[in-house]
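An overview of the molecular structure
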Amino acid sequence: MKTMNIKILISLFMLGFLSSCGSNEFIPTTDICSVEKHYRDDIYQVKIEGKKINNHWYLKDDALEVTKFLANKNKCMH
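What comes next is a walk through the structure. (Residues numbered from 1 in each chain as written. Predicted model: local features only at pLDDT ≥ 70, side-chain atom pairs only at ≥ 80, totals over all residues. Heavy atoms only, no water.)

1. Details of the pairing of strand E1 (residues 33-37)
Where we set the bar: Pairing between strands is defined by DSSP: at least two bridges between them are needed. Note on conventions: DSSP H or I runs of at least 4 residues are helices, E runs of at least 2 residues are strands, and numbering of each starts at the N terminus.
The pairing of E1 with strand E2 (residues 44-48) spans five bridges and is antiparallel. In the strand pairing of E2, Val-35 is matched with Val-46. Turn length for the E1-E2 hairpin, with the two strands adjacent in sequence and antiparallel, is six residues.

As structure tokens, this is what we get:
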């Protein structure tokens, strides 16, 4: 009985191992990063598809760096 259980476990392990050994195709995101200026001050907020990523406001250069970082992580297109 124990050898049967061990054989089943080994078979399931091998089946799981073999089915997960492929490399997935890289699919780039189609979401768009945008930078929106504050209505009064010279600060910017980073958004993906119109939704803000956080409540932080950045200087323009910093906001652009954040969008580049997100684009490199495939979170959005820059």
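2. Side note on the pattern of salt bridges
Counted only if it meets this: By definition, a salt bridge exists where a carboxyl oxygen of Asp or Glu is found within 4 Å of a side-chain nitrogen of Lys or Arg.
In the structure shown here, the tally under the stated rule is two salt bridges. Residue Lys-68 is joined to Glu-65 by a salt bridge in which the shortest nitrogen-to-oxygen separation is 3.8 Å. Within this pair, Lys-68 and its partner Glu-65 are both found in helix H2 (residues 60-72), separated by three residues, close to a single helical turn.

3. Concerning the state of the cysteines
One way to say it: the disulfide is the covalent bond shared by the sulfur atoms of two cysteines. Using the following cut-off: The definition used for a disulfide is geometric: two cysteine sulfur atoms within 2.5 Å.
All told, the structure shown has one disulfide when counted by the stated rule. The side chain of Cys-33 participates in a disulfide bridge whose partner is Cys-76; the two sulfur atoms lie 1.4 Å from each other. Here Cys-33, found in strand E1, pairs with Cys-76, found in the segment after H2; they are 43 residues apart in sequence, far enough to count as distant.

4. Examining the pairing of E2
Worth spelling out the cut-off: Type-normalised accessible area, obtained with a 1.4 Å probe on protein chains alone, sets the label of each residue: buried when under 20%, exposed when over 50%, and partly exposed for intermediate values.
Within E2, five of the five residues are buried, leaving the element largely enclosed by the surrounding structure. The alternating pattern of E2 places Tyr-44, Val-46 and Ile-48 and Gln-45 and Lys-47 on opposite faces, both of which are buried. The antiparallel hairpin formed by E2 and strand E3 (residues 51-52) contains two residues in its connecting segment, where Glu-49 sits at a positive phi of about 55 degrees.

5. Considerations on the nonpolar core
To keep things clear, this is the line we draw: Definition used in this section: a nonpolar core is a set of buried Ala, Val, Leu, Ile, Met, Phe, Trp, Tyr and Cys residues joined via side-chain atoms within 4.5 Å. We call two residues in contact when some of their heavy atoms are within 4.5 Å.
Cys-33, Tyr-44, Val-46, Ile-48, Tyr-58, Ala-63, Val-66, Leu-70 and Cys-76 form the largest nonpolar core, which has nine residues in total. For this core, the secondary structure elements donating two or more residues are E2 and H2. Beyond its immediate sequence surroundings of up to four residues, Val-46 is in contact with Ser-34, Lys-51, Lys-52, Ile-53, Tyr-58, Ala-63, Val-66, Thr-67 and Leu-70.

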